[in-house]
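Listed here are the chains, written in short residue letters.
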Amino acid sequence: NFGSPAVQVDNSRVLLTRCLLGVTSLGIGGGQCIGGQNATIDVVEPRFDAAYAGIPAIALNQCTLRLAGSSNSYVQGGAPFGGPASPAVQANGGTVRIDPAVALNPFVAGTPVGGSAAVTFASTPGSFVVGNNPNGVLTITYTAAPGASLYGLLGVPAAPLPTPFGDALLDPNLFVVVTATTVGGSGRHDVALPIPGGIPPGAAFATQGVVVQGGPPQLGIGCQFVVH
């Protein structure tokens, strides 16, 4: 990305999982990673770096944003050579909820969040996957606060269904519980599942965690994926 937002979200609902946006692996490029207007945006395990662009990595107007992830995730605002970084997130209006596990401006010091949005720093459960080929191994990672009770679900994706505990992203009639555990000190829990060879490429699945910690259950940010 060399200037315009890598992802622009207007009047829409978008879920991004394990995205590397902004600076390239060669250390060149950079620029705004996400822009949004009147949108709902969920991000799990971001690796965003606006690099030398001198602008926020995420810039939103009247949006709802949730960031979840592990200690490997980060959002770095742009910083001119020798100068401080722009805010990692600039949000005017709307609401922002950021998991403290997601590092904000870890490479160049700067203000983590700017703007007029209502901002909350709190554990935000999420999930992401690695590996999605037949006869391979699918690794599902669930993130949540250490010590929380976690129930990991795997099933068929569905349109978001509002519930008192958050939006359900799986078909309520077509899912299984693949893990039930207490989240360790790393804030993440990995589940390895073999993918049968008979599953056809293009088959769609979704995973979502249910987390309980000293209160009502909370549905984490889900992850939808297809078999390749």
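With respect to the overall build of the chain
Piece 1. Scanning the chain for helices and strands turns up zero helices and 20 strands.
Piece 2. For a compact globule of 228 residues, the expected C-alpha radius of gyration is about 17 Å, and the chain comes in at 18 Å, within 12% of that figure.
Piece 3. Residue pairs in contact within the chain that sit at least 24 positions apart in sequence constitute 69% of those at least 6 positions apart.
Piece 4. Of the roughly 10000 Å² of accessible surface on the chain, 58% is carried by carbon and sulfur atoms.
Piece 5. Seen as two clouds, the 6 positive and the 8 negative side-chain charges of the chain have centres 4 Å apart.

Things to note about the pairing of strand S16 (residues 166–182)
Piece 1. Looking at chain direction, strand S15 (residues 149–163) and S16 are connected through eleven bridges and run antiparallel. Across the sheet, the residue bridging to Thr163 is Gly166, located in S16.
Piece 2. The turn joining S15 and S16, which pair antiparallel and follow one another in sequence, is formed by two residues.

Some details on the state of the cysteines
Piece 1. The final tally for this structure, using the stated rule, is zero disulfides.
Piece 2. Cys19 carries a free sulfur, and the closest cysteine sulfur to it, the one in Cys223, is 9.9 Å from it.
Piece 3. No disulfide involves Cys63; its sulfur sits 15 Å from the nearest other cysteine sulfur, which is in Cys33.
Piece 4. Residue classification places Cys63 among the buried positions, given a relative accessible area of 3%.

Section: a nonpolar patch on the surface
Piece 1. Residues Tyr151, Phe175 and Val177 make up a contiguous nonpolar surface patch of about 290 Å² in total accessible area.
Piece 2. Its place among the elements puts Val177 in strand S16.
Piece 3. Owing to a relative accessible area of 51%, Val177 belongs among the exposed residues under this scheme.

Some remarks on the side chain of Asn105
Piece 1. With respect to the element layout, Asn105 can be found in the loop between strand S10 (103–104) and strand S11 (113–114).
Piece 2. In this structure the side chain of Asn105 is engaged in a polar contact, spanning 3.2 Å, whose partner is the backbone oxygen of Ser86.
Piece 3. Excluding its chain neighbours within four sequence positions, the residues that come into contact with Asn105 are Val75, Gln76, Gly77, Ala85, Ser86, Pro87, Ala88, Gly110, Thr111 and Pro112.

Here we look at the nonpolar core
Piece 1. Counting 26 residues, the largest nonpolar core has Ile34, Phe48, Ile58, Leu65 and Val75 as its most contacted members.
Piece 2. Where this core is concerned, the elements lending two or more residues are strand S5 (40–44), strand S7 (58–68) and strand S9 (89–98).
Piece 3. Sorting elements by how many residues they give to this core places S7 first, with five residues.
Piece 4. Apart from residues lying up to four places away in sequence, Val75 is in contact with Pro46, Phe48, Ala57, Ile58, Leu67, Ala88, Val102, Ala103, Leu104, Asn105 and Pro106.

What counts, and where the lines are drawn
- Residues numbered from 1 in each chain as written.
- Predicted model: local features only at pLDDT ≥ 70, side-chain atom pairs only at ≥ 80, totals over all residues.
- Heavy atoms only, no water.
- Helix = DSSP H or I, 4+ residues; strand = E, 2+ residues; numbered from the N terminus.
- Rg over C-alpha atoms; globule rule 2.2 N^0.38 Å.
- Contact = heavy atoms within 4.5 Å.
- Areas by Shrake-Rupley, 256 points an atom, 1.4 Å probe, with all protein chains shown as cover.
- Lys, Arg positive; Asp, Glu negative; His and termini not counted.
- Charge placed at Lys NZ, Arg CZ, Asp CG, Glu CD.
- Pairing = 2+ DSSP bridges.
- Disulfide = S-S within 2.5 Å.
- Buried < 20%, exposed > 50% of the residue type's maximum accessible area, 1.4 Å probe, protein only.
- Patch = residues over 30% accessible without salt bridge, like charges linked within 9 Å, V, L, I, M, F, W, Y side chains within 5 Å.
- Salt bridge = Lys/Arg side-chain N within 4 Å of Asp/Glu carboxyl O.
- Polar contact = N/O pair within 3.5 Å; in protein donor to acceptor, adjacent residues only side chain to side chain.
- Core = buried A, V, L, I, M, F, W, Y, C linked by side-chain atoms within 4.5 Å.

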